[in-house]
Amino acid sequence: MNWNWSVVDEFMPYFWDGVRVTLQATALGSLLSFALGLVWALLLRTPSRFVRWPVGFFVEFIRNTPLLVQLFFLFYVLPEWGVQTSALATGIIGIGLHYSTYTAEVYRAGIEGVPAGQWEAARALSLPRGRTWGAVILPQAIRRVVPALGNYVIALLKDTPMLLGIGVLEMLNQARQFGAQTFQYIEPYTIVGIAFILISYPASLFMRYLERRLVH
Amino acid sequence: MTAELWEAIFKGIWITVQLTVYSAALGAVVAFAVGTARTSRHWILRFLSGFYVAVFRGTSALVFMFWLFFVVPLAFGWQFVPMWAATLALGLTYGAYGAEIVRGGIAAVAPAQREAGIALSFTPWQRMRRIILPQAVPEMLPPFNNLLIELLKGTALVSLLGIPDISFEAQLARLATGQSTTIYLAILGMYFVLAFLLTRVMRLLERRAKAGIGQAPPKSGGILGKLRIEETERSTKAGLAGGAQ
Amino acid sequence: MSTDSTGPTGSPGSTPAASTPGRSTPGSGNGAELIRFDKVTKRFGSNTVLDDLDFTVAPGKHVTLIGPSGSGKTTILRLLMTLVKPDEGTIRVDGEYLTHEEKGGRLVPAGEKHTREIRKKIGMVFQQFNLFPNMKVLQNITEAPVHVLGLGRDEAEERARELVELVGLTECLDRYPTQLSGGQQQRVAIARALAMRPQVLLLDEVTSALDPELVAGVLDLLRDIAHTTDITMLCVTHEMGFARDISDDVLMFDAGRVIESGPPEKIFSEPENERTREFLSAVL
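Residues numbered from 1 in each chain as written. Chains lettered and ligands numbered in written order. Predicted model: local features only at pLDDT ≥ 70, side-chain atom pairs only at ≥ 80, totals over all residues. Heavy atoms only, no water.

Caption draft 1: Structural detail: the packing of helix H5 (residues 182–194) of chain C against helix H6 (residues 212–228) of chain C. All names here are of chain C. Contact pair H5 / H6: the axes reach a minimum separation of 8 Å and the direction vectors enclose 20°. In terms of orientation, H5 and H6 fall into the roughly parallel class. For the element pair H5 and H6, the recorded crossing hand is right-handed. When H5 is examined against H6, the residues Gly182, Gly183, Gln186, Arg187, Ile190 and Leu194 are found in contact with a partner set consisting of Leu214, Val218, Leu221, Leu222 and Ile225. (Axes fitted to C-alpha atoms, helices over the stretch in contact; angles between N-to-C directions. Helix = DSSP H or I, 4+ residues; strand = E, 2+ residues; numbered from the N terminus. Parallel < 35°, antiparallel > 145°, perpendicular 65-115°, else oblique. Left-handed = near helix turned anticlockwise from the far one by under 90°. Contact = heavy atoms within 4.5 Å.)

Here it is, written out as structure tokens:
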């Protein structure tokens, strides 16, 4: 194994570009998944099964099929429908949509985790629907939800390399491009691998800490 | 879509199924070896297994796959057959998540069972094999089911390395015909059916495992239950997230 | 290993008796002892559960430990079963050190293997039964004889059937523990412990988790075993009537020490210690 530090120096500018794109995709993808997941979770609680069943099927379908193929679908099919977006935007939509099916479960578990007595107490006080949700249920649910959402942000981060499939220049793709041009593969791929561990391991420790603080 | 293209796609399904089965087998071995090592009395085993889990859960499966494909041959001079490199990458990565399931399952067995095993003079290994694991394994099956579906989805990554699985053949078909919508919807449908079949098989295993240890089989849901693959399991990928735990 | 082990009677230990005056239980006539605690101290955090404890049990004797909760009675059983380790002092079973080994004239902490060999002489019945839920009754009983003692399956099953008959559960051989009542489970647990042919049987509040109407059946069974076999019993219980019936000796515990000991007639009828009197008047 011959490690060459000058190759590392050469790669670093590209690496930082890749880090920026990776973090951007992670942040925006997470926000999208938080918002969409809440939509699914609330739709799945509506009384009408004409809403629940199609939404339920859609969510299950997205969750049980590969993100990579979904990205291809969006990337090649959206333009046919007249929607023109950049590769990065498509990637963010795809990854956000995929993870929203997981966050929907998190919200559902969080909401169901609030004891039934809280609903009954809100009803006994004749609180309006909005207050019941806004002042009673969600503030209690959020404590369970935050650490779980955080864990999905980490999982999402680790799935961002798939965006290279549609040409987004995130970390892994930067390494690949660099390798294709210079025929130096060892350093760039190793650096990217270590970078993922260096970001996600401390993040997961932090989530564990949050979990202990908030849930218990 | 011509007949040849469909045929290629069906060959791709076979590759995907093979990859899933091989990586699941490797992953299961890794999961049980590493997961039980994490509960060992010897600190060195606990440390090494903890390190393994931290590294493989910390990194991204695709990055590791690229590393195996491009760095290992250059750095160590080993050239893998692509299928084996892919199996290795998927098995080692998902095995690390599986190890956490195994560890959790073992931890969930009542400590009194361990004490009863000590009182009957079983060796630590006998306690694990005859008392703890038989009780823990049925509890591990539902999370293993979720992990297996994540693994099935993960096999699509190999298409980026030129292994002709379903996703790869779909790309070829798209290039040949330009019918993106039809092809990708069909492919997604195939993955969904595979995931559904996997879930059925795992449910069957779970029912048999529980009956084998004197527990009532789990209730199966109605029509909607059959449709909704993960009817009872709450969080699927929560265990897939962090590097620690 | 210096001593032989011949069946449930046990054999006199090789160590000469040097019991501490006042605390030892009366010997069985030949001065032999099967269990011996020497200056055993056990702490959980800052709480000293056993304080410099000495006591001995002679082969074939039935000894009952009584006393208020938290006085360390159960800890004695758990120490013997090596579920917890002593902080100070030594325990000998049948003349051999349980958690220590003699190496080059010095006592060093014993390896798992040594401890396991000694432990085979001891059986235990737990408060919560602790049957293996994944095995049917028959397998619960045969599992350890087959895999620990190396008995043939036929022989182990033969032994199990005899024991199941003894505990009166022949019709339950093919059931899982969850399909049995608490009393039935505890009787299976007794059979499971006896199947190992231990020299000593430890009984840890074996009726505390049972519904009141099931207690009598289990106690009758234990009385029967106590009176018809020569197995040594060490028993923690709150059933004073039972203690009176089966015990050769009763040890009264308080705050990690034995404060009084003697035959049941004496302890229950004319206790000398003030704390014993208080305790007995509270529970009787």
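Caption draft 2: Up close: the pattern of salt bridges. Taken as a whole, this structure holds 33 salt bridges over all chains when the rule is applied. Between Arg57(B) and Glu100(B) there is a salt bridge, with its nearest N and O atoms 3.4 Å apart. With Arg57(B) in helix H2 (residues 43–58) and Glu100(B) in helix H4 (residues 82–108), this residue pair connects regions lying 43 residues apart in the sequence. Like Arg57(B), the residue Glu100(B) is buried in the burial classification. Between Arg223(C) and Asp245(C) there is a salt bridge, with the nearest N and O atoms lying 2.6 Å from each other. In this pair, Arg223(C) sits in helix H6 while Asp245(C) sits in helix H7 (residues 240–246), placing the two residues 22 residues apart along the sequence. (Salt bridge = Lys/Arg side-chain N within 4 Å of Asp/Glu carboxyl O. Buried < 20%, exposed > 50% of the residue type's maximum accessible area, 1.4 Å probe, protein only.)

Caption draft 3: Up close: the nonpolar core. Residues and elements named next belong to chain C. By size, the foremost hydrophobic cluster in this structure holds 155 residues, and its most contacted members are Phe37, Leu80 and Leu234. Non-local contacts of Leu234, meaning those with residues more than four positions away in its chain, are made with Ile35, Phe55, Val57, Val63, Leu65, Ile76, Leu77, Leu80, Leu201, Leu202 and Leu203. Of all hydrophobic cores here, the second largest spans 37 residues; its members include Leu138, Ala189, Leu203 and Ile246. (Core = buried A, V, L, I, M, F, W, Y, C linked by side-chain atoms within 4.5 Å.)

Caption draft 4: View of the UniProt feature "domain: ABC transmembrane type-1" (unreviewed entry) in chain B. Here the UniProt feature "domain: ABC transmembrane type-1" (unreviewed entry) sits at residues 13–202 of chain B. Structurally, residues 13–202 of chain B is divided into 84% helix and 0% strand, and its ends, taken at the C-alpha atoms, are 20 Å apart. (UniProt positions renumbered as here; feature names shortened; annotations may be inferred.)

Caption draft 5: Spatial organisation of the interface of chain B and chain C. With 23 residues of chain B in contact, the opposing surface of chain C contributes 25 residues. Around 2000 Å² of area is buried between chain B and chain C when both sides are counted, 57% of it from carbon and sulfur atoms. Connecting chain B to chain C are three salt bridges. In this structure, Glu115(B) and Arg78(C) form a salt bridge, with 2.5 Å as the shortest nitrogen-oxygen distance. Applying the counting criterion to the chain B and chain C interface returns eight residue pairs in polar contact (both at pLDDT 80 or more). Those elements that place two or more of their residues in the side of chain B that touches chain C are helix H5 (111–119), helix H6 (124–154) and helix H8 (180–212) of chain B. Looking at the side of chain B that touches chain C residue by residue, the classes come out as eleven nonpolar, eight polar and four charged. (Buried area = accessible area lost by both parts, 1.4 Å probe. Polar contact = N/O pair within 3.5 Å; in protein donor to acceptor, adjacent residues only side chain to side chain. Nonpolar A, V, L, I, M, F, W, Y, C, P; charged D, E, K, R; others polar.)

Caption draft 6: Spatial organisation of the confidence of the model for chain C. Residue and element names in this part refer to chain C. Taken as a whole, chain C shows an average pLDDT of 84; of its residues, 89% reach a score of 70 or greater. Segment residues 1–30 is flagged for pLDDT under 50; beyond a separation of four residues in sequence, or across chains, it makes 58 contacts in the model. Prediction confidence for the complex, expressed as pTM and ipTM, is 0.80 and 0.88 respectively. (pLDDT = per-residue confidence, 0-100.)

Caption draft 7: Quick peek at the packing of helix H2 (residues 49–63) of chain A against helix H4 (residues 87–113) of chain A. All names here are of chain A. Orientation of H2 relative to H4, taken along the N-to-C sense of each, is 120°, at an axis distance of 8 Å. Between H2 and H4, the crossing angle belongs to the class labelled oblique. In the crossing of H2 with H4, the sense of the turn from one axis to the other is left-handed. Only Leu97, His98, Thr101, Tyr102 and Glu105 of H4 make contact with H2, whose side of the interface consists of Phe58, Val59, Ile62 and Arg63. For the contact of H2 with H4, a count of residues per class yields five nonpolar, two polar and two charged.

Caption draft 8: Quick look at H6(C). Residue and element names in this part refer to chain C. Over its 17 residues, H6 extends 26 Å from the first C-alpha to the last, a length consistent with the 24 Å expected when each residue adds 1.5 Å. Within the span of H6, buried status applies to Val215, Val218, Leu219, Leu221, Leu222, Ile225 and Ala226. Projected onto a plane normal to the axis of H6, the buried residues spread over an arc of 160° and lie on a single side. Exposed side of H6, more than 90 degrees from the buried face: Glu213, His227 and Thr228 are the residues found there. Close packing links the buried residues of H6 with strand E3 (62–66), helix H4 (153–166), H5, strand E9 (200–204), strand E10 (232–236) and H7. (Expected span 1.5 Å × (residues − 1). Arc of directions from axis to C-beta.)

Caption draft 9: Summary view of the arrangement of the chains. In this assembly, two pairs of chains are in contact, and the pair with the greatest number of contacts comprises chains A and B. What separates chain A from chain C at the closest point of their C-alpha atoms is a distance of 24 Å, and the two make no contact.

Caption draft 10: Structural detail: the packing of aromatic side chains. Per the counting criterion, the structure on display carries 34 aromatic pairs over all chains. On the numbers, 5.7 Å between centres and 15° between planes, the contact of Tyr185(A) with Phe70(B) is stacked. Taken together, the residues span two chains, with Tyr185(A) in the loop between helix H7 (171–182) and helix H8 (186–215) and Phe70(B) in helix H3 (residues 61–76). Put simply, the rings of Phe11(A), Tyr14(A), Phe15(A), Trp16(A) and Phe178(A) pair up and form one aromatic cluster. Sitting above the plane of the Tyr76(A) ring, Arg174(B) keeps its charged end 3.4 Å from the centroid. It is Arg192(C) that lies over the ring of Phe132(C); its NZ or CZ is 4.5 Å from the centre. (Phe/Tyr/Trp six-rings, centres within 6.5 Å; stacked < 30°, edge-to-face > 60°. Lys NZ or Arg CZ within 6 Å of the ring centre and 35° of its normal.)

Caption draft 11: Structural detail: the sheet that holds strand E1 (residues 35–44) of chain C. Residues and elements named next belong to chain C. With antiparallel pairing, four strands are arranged side by side in an open sheet as E2-E1-E4-E5. The open sheet has two edge strands with one neighbour each: strand E2 (47–57) and strand E5 (96–97). Here E1 pairs with strand E4 (residues 88–93) via five bridges, running antiparallel. Counterpart to Thr41 in the pairing with E4 is Glu88. Taken strand by strand, helix H1 (residues 73–80) contacts E1, E2 and E4, and its axis lies near 115° from that of E1. (Pairing = 2+ DSSP bridges.)

Caption draft 12: Broad picture of the environment of Val34(B). Residue and element names in this part refer to chain B. Mapped onto the elements, Val34 comes out in helix H1 (residues 3–37). The class of Val34 is buried, set by a relative accessible area of 12%. C-alpha of Val34 to C-alpha of Ala195: the two residues are 161 residues apart in sequence and 26 Å apart in space. Beyond its immediate stretch of four places on either side in the chain, Val34 contacts Ser49, Tyr52, Val53 and Ala99.

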